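Read off the chains here:
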Amino acid sequence: MTVLRQPQYATRAILAAVLSLLLVPTATMPAPAGKRLIEFGWDEPDPRFMRTHLAQLQASPFDGCVYHVNYRTALGDSGNFTWELWGRRRFTAAELADADSNLRATDFGRFRDNFLRVNVTPGDLDWFEDHAAVMSNLELAARLARTGGGPGILLDVEMYRGALWDYREQVKRHPRTWAAMCAQVRKRGAQAIRALERGYPGLTVFTTWAYSLSLDETVGGRVPLEQTRHGLLPAFLDGMLSAASPRVVLVEGHAGSYPYREAWRFAAKADSMLHNVPRLTRDPARYARHLSLAFGLWLDHDSPHRSWNEADPSQNWFTPAGLDSAVRAAIGHADRYVWIYNEQPRWWTAAGGPARLPVAYDSVLRRVPR
């Protein structure tokens, strides 16, 4: 079934109508003009790179990108804040001063839909342990995102290290009932959005996946959530939604669309987000009010197992023509954002200009109407 979508936050508007029997009014949110293309890949910059190479970013076909933040201690130790913030260590604003100063000093111009990446790593905390450090770090991240003038953060929910969302792994160390675990995870979700809003009231939380990931793992509801790898994720999202202010936007990034090439697949997923996903949430009305549906496309799809052919793009998973039709379909069914993920090709480099990127792909993104 093809869903007819309006150009601005259609998902939330349609969902609110579908769920009107709940008699909950929709939140008042300004409708943004146009769609946005976001870059998120292995050429992910930090604020210093963004400031130094701003001309490259602005010359790209994107409206913004996902970026990370590094830290430096008083002793001179350094590391990646993005990859270390979800743990027991509480970072300080002084350790993030370089990122803060570079963000303050950069006028991003048209290239301002930038999202600070927040990973759930190291993710080695039990949900019942003290999360004060995590919440403090989330507030710091949100403050930086606000300083940079972007819409908010990119919450990367992938479990690169700890098994935060897997109930089966969580109870190996600390046995809890499914109900008790979900209640605690919802509590942490509520704390997380409050911490983020202390740093950036009414921010946008762009997720790599939201409820769609758990829906896929349950095979449309046929497998219990507690038996899936990301079964606790909906509880966390429910907690966030329960405490979010009316202006918060939750972007369902839907990384599951990485390989999509056919228009019907985007239409089917949009329809599923409207009619199937609400069964996973405790509060469908809040889901309706805060949701913004997005799609991700992996330019060099499955690059660990497929070669990326610079000389003959017709051999790639996404040919230039194929990318053109896929991006058009994604934009047609997204509420606001479509994002392009890439590993081998780079849109910008320290040396200046792209690398391993046939110009035809750049041209495709420039001519797609938004």
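Before reading on, note that the structure itself is shown above.
These numbers come from a predicted model, not from an experiment.

*Asks:* Got a minute to help me understand the overall build of the protein in this structure?
*Replies:* In terms of helices and strands, the protein carries 14 helices and 11 strands. For a compact globule of 370 residues, the expected C-alpha radius of gyration is about 21 Å, and the protein comes in at 20 Å, within 12% of that figure. Dimensions along the principal axes, computed over C-alpha positions, put the protein at roughly 60 × 55 × 40 Å. Counting across all 370 residues of the protein, residues that qualify as buried make up 59%. Pairs at least 24 apart in sequence give 82% of the contacts found in the protein among residues at least 6 apart. Of the roughly 14,800 Å² that the protein leaves accessible, carbon and sulfur atoms contribute 53%. Here the protein contributes 44 positively and 38 negatively charged side chains, and the mean placements of these two sets differ by 5 Å.

*Asks:* I'm lost on the sheet that holds strand β8 (residues 249-252) in this one. Help?
*Replies:* Picture the strands of a sheet paired through backbone hydrogen bonds; they go either parallel or antiparallel. The nine strands lie next to each other as β9-β8-β7-β6-β5-β2-β1-β11-β10, forming an open sheet whose pairing is parallel. Single-partner strands in this sheet number two, and they are β9 (291-293) and β10 (295-298). Averaged over all adjacent pairs, the angle separating strand axes in this sheet is 25°, with direction ignored. Two elements, strand β2 (residues 64-67) and strand β5 (residues 115-119), share two bridges in a ladder whose sense is parallel. The residue bridging V66 from the neighbouring strand is F115, located in β5. On the sheet, helix α6 (residues 132-147) packs against β2, β5 and β6 (152-156) and is oriented at approximately 165° with respect to β5.

*Asks:* Would you mind showing me how to read the nonpolar core here?
*Replies:* Side chains of nonpolar character tend, in soluble globular proteins, to be buried together. Counting residues in hydrophobic clusters, the biggest one holds 111 residues, and the most contacted among them are L138 and W165. Here this core takes eight residues from α6, the largest share from any one element. When sequence neighbours within four positions are dropped, the list of residues in contact with L138 reads L85, W86, V118, A192, A195 and L196.

*Asks:* I tried to follow the environment of D126 on my own but got confused; where do I start?
*Replies:* With respect to the secondary-structure elements, D126 resides in the loop between β5 and α6. Residue classification places D126 among the buried residues on the basis of a relative accessible area of 3%. Considering only alpha carbons, one finds D126 and G162, 36 residues apart in sequence, at a separation of 9.6 Å. Within polar-contact distance, the side chain of D126 engages the backbone nitrogen of F128 at 2.8 Å.

*Asks:* Could you clarify how one ought to interpret the environment of S257 in this entry?
*Replies:* Note that S257 resides in the loop between β8 and α11 (263-275). When the C-alpha positions of S257 and L232 are compared, they lie 21 Å apart, and in sequence the two are 25 residues distant. Residues contacting S257, with those up to four places away along its chain left out, are F266, F295, G296 and L297. Separated by 2.7 Å, the side chain of S257 and the backbone oxygen of G296 make a polar contact.

*Asks:* Teacher, can you tell me more about the pattern of salt bridges here?
*Replies:* Side-chain pairs of opposite charge can arise whenever the charged atoms involved come near each other. Overall, the coordinates contain 22 salt bridges when judged by the stated rule. R328 serves as the salt-bridge partner of D324, at 2.8 Å between the closest nitrogen and oxygen. Taken together, the positions of D324 and R328, both in helix α13 (residues 320-333) and four residues apart, correspond to about one turn of that helix. The class for D324 is buried, based on a relative accessible area of 12%.

*Asks:* Would you explain the packing of aromatic side chains in this entry?
*Replies:* The relative placement of two aromatic rings is captured by the distance of their centres and the angle of their planes. Inspection of every chain in the model, using the stated rule, returns 25 aromatic pairs. Taking the centre distance of 5.2 Å and the plane angle of 75° together, the rings of F115 and F206 count as edge-to-face. A residue pair is termed long-range when its members are at least 10 positions apart, and F115 in strand β5 and F206 in strand β7 (residues 204-207) qualify at 91 residues. In this structure, F115 and F206 share a single accessibility class: buried.

*Asks:* Could you clarify how one ought to interpret the side chain of E252 in this entry?
*Replies:* One can find E252 in strand β8. Buried and unpaired, E252 has no salt bridge, with K269 as the nearest side chain of opposite charge at 8.3 Å. Polar side-chain contacts of E252 include one of 3.0 Å to the backbone nitrogen of A210. Among all residues touching E252, those that are not within four sequence positions of it are T207, W209, A210, Y211, S212, M273, L291, S292, L293 and A294.

*Asks:* Any chance you could explain the packing of helix α8 (residues 178-199) against helix α10 (residues 233-243) here in plain terms?
*Replies:* Two measures define how a pair of helices packs: the angle their axes make with one another and the distance between the axes. Two elements in contact, α8 and α10, have axes separated by 6 Å at closest approach and are oriented at 45°. Relative to α10, α8 is oriented oblique. Crossing geometry of α8 relative to α10 is assigned as right-handed. Contacts between α8 and α10 involve C182, V185, R186, R188, G189, A190, A192, I193, R194, L196 and E197 on the former and, on the latter, A235, F236, D238, G239, M240, S242 and A243. Of the residues belonging to the contact of α8 with α10, the class tally is 10 nonpolar, three polar and five charged.

*Asks:* Where do I start with α10 in this structure?
*Replies:* Every α-helix winds through 3.6 residues per turn, so residues three or four apart in the chain are directed the same way. Judged by how many residues are buried, α10 sits mostly within the fold: nine of 11 residues are covered. When we look at burial in α10, the residues that qualify are L233, P234, A235, F236, L237, D238, G239, M240 and L241. Here the buried face of α10 lies against β6, α8, β7, α9 (211-217), β8 and α12 (284-290).

Cut-offs and rules
Residues numbered from 1 in each chain as written. Predicted model: local features only at pLDDT ≥ 70, side-chain atom pairs only at ≥ 80, totals over all residues. Heavy atoms only, no water. Helix = DSSP H or I, 4+ residues; strand = E, 2+ residues; numbered from the N terminus. Rg over C-alpha atoms; globule rule 2.2 N^0.38 Å. Buried < 20%, exposed > 50% of the residue type's maximum accessible area, 1.4 Å probe, protein only. Contact = heavy atoms within 4.5 Å. Areas by Shrake-Rupley, 256 points an atom, 1.4 Å probe, with all protein chains shown as cover. Lys, Arg positive; Asp, Glu negative; His and termini not counted. Charge placed at Lys NZ, Arg CZ, Asp CG, Glu CD. Pairing = 2+ DSSP bridges. Axes fitted to C-alpha atoms, helices over the stretch in contact; angles between N-to-C directions. Core = buried A, V, L, I, M, F, W, Y, C linked by side-chain atoms within 4.5 Å. Polar contact = N/O pair within 3.5 Å; in protein donor to acceptor, adjacent residues only side chain to side chain. Salt bridge = Lys/Arg side-chain N within 4 Å of Asp/Glu carboxyl O. Phe/Tyr/Trp six-rings, centres within 6.5 Å; stacked < 30°, edge-to-face > 60°. Parallel < 35°, antiparallel > 145°, perpendicular 65-115°, else oblique. Left-handed = near helix turned anticlockwise from the far one by under 90°. Nonpolar A, V, L, I, M, F, W, Y, C, P; charged D, E, K, R; others polar.

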